[in-house]
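Chains, contacts and geometry: an overview
Here is what each chain is made of, one letter per residue.
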Amino acid sequence: MNIEISRRQLMKGTGAGLAVTTLGALGFGDMETAFAASIRPYKLASLTETRNTCTYCSVACGIIIYAKGDVKKGERADIIHIEGDTDHPTNRGTLCPKGAALLDIVHAKTRTLYPQVRKPGSDKFERVSWDFAFDRIARLMKDDRDKNIVARNNDGVTVNRWTTTGFLAASATTNETAWTTYKVVRSAGMVVFDNQARV
Ligand code: SF4
């Protein structure tokens, strides 16, 4: 077969063919995958690995948090990567888009990191210690419960209802934590009890 081609056509064809041949010879797609796979274990190997639970919803997917710096040696741990826990029975390593973006919540400038109070008449919040916060919360709860607990209903039946204080718990906890929280709240007589999965 005699095919007539111009010089321009020859150059175009040769260039395209060369490019395809070169990429094909290198196996570019496979090479990228292999390269990424070879780096990944080393990237995470030197980091501290901590198992935890996604904070967002009551599905409570298991996550692994990777941090630079060994806290056991007194170093500060900077979280640089979070991924699904493949050993976790709930999610088997998968995460929904919210869970996959967990690193953003960790580093968000608006994240609440410590307790604060706004004193009566003040227009701003002030940072307080955890000890202060726990003591203050316990004091207010006790005072309110003592004042408002309904020990018996109109028929004289013991009910021990405490309706004037509510408790907002975290849904993303282990069964054991959820069980303990439930027992503490309900045994105090608290009726208003919910978690962030429904808010
Ligand atoms: S990863 Fe998604 S589904 Fe799983 S707990 Fe977090 S928010 Fe819920």
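Residues numbered from 1 in each chain as written. Predicted model: local features only at pLDDT ≥ 70, side-chain atom pairs only at ≥ 80, totals over all residues.

**Let's talk about the sheet that holds strand S3 (residues 78–84)**
- Judged by pairing direction, the sheet is antiparallel, and its three strands sit side by side in the order S1-S2-S3 without closing on themselves. Both edges of this open sheet fall to strand S1 (48–53) and S3, since each of them pairs with a single strand only. Strand after strand, the sheet turns through a mean of 30° between neighbouring axes, direction not considered.
- Of the strand pairs in this sheet, strand S2 (residues 62–68) and S3 are connected by six bridges, and their pairing is antiparallel. Following the sheet pairing, Ala67 is matched in S3 by Ile79. (Pairing = 2+ DSSP bridges. Helix = DSSP H or I, 4+ residues; strand = E, 2+ residues; numbered from the N terminus. Axes fitted to C-alpha atoms, helices over the stretch in contact; angles between N-to-C directions.)

**Side note on the environment of Ala100**
- Inspection of the secondary structure puts Ala100 in helix H3 (residues 97–100).
- On the basis of neighbour counts, which here come to 15 C-beta atoms within 10 Å, the residue Ala100 falls in the partly exposed class.
- Along the chain, Ala100 and Ile63 lie 37 residues apart, while their C-alpha atoms are 9.6 Å from each other. (Buried ≥ 20, exposed ≤ 12 C-beta atoms within 10 Å, placed from the backbone.)

**Details of unusual backbone geometry**
- Positive phi, normally seen in glycine, also occurs at Arg92, with a value near 50°.
- Structurally, the position occupied by Arg92 is in the loop between S3 and H3.

**Concerning the nonpolar core**
- Counting ten residues, the largest nonpolar core consists of Cys54, Ala60, Cys61, Ile63, Ile65, Tyr66, Ile82, Leu95, Leu102 and Ala172.
- Element by element, the count of residues in this core is highest for S2, at three residues.
- What Ile63 contacts, discounting residues up to four positions off in sequence, is Asn52, Thr53, Cys54, Ile82, Glu83, Gly84, Asp85, Gly99 and Leu102. (Core = buried A, V, L, I, M, F, W, Y, C linked by C-beta atoms within 7 Å. Contact = placed C-beta atoms within 7 Å.)

**With respect to the confidence of the model for the protein**
- Mean pLDDT over the protein works out to 84, with 82% of the residues at or above the 70 mark.
- Considering only residues more than four positions removed or in separate chains, one finds that residues 16–24, a stretch of pLDDT under 50, has one contact. (pLDDT = per-residue confidence, 0-100.)

**What about the site of the ligand?**
- Around the ligand, the structure places Cys54, Tyr56, Cys57, Val59, Ala60, Cys61, Asn91, Leu95, Cys96, Lys98, Gly99 and Ala172.
- Of the residues belonging to the shell around the ligand, the class tally is nine nonpolar, two polar and one charged. (Near = placed C-beta within 6 Å. Nonpolar A, V, L, I, M, F, W, Y, C, P; charged D, E, K, R; others polar.)

**Focus on helix H5 (residues 130–148)**
- End to end, H5 covers 27 Å across 19 residues, agreeing with the expected 27 Å (1.5 Å per residue, within 8%).
- The element H5 is largely exposed, with a buried count of zero among its 19 residues. (Expected span 1.5 Å × (residues − 1).)

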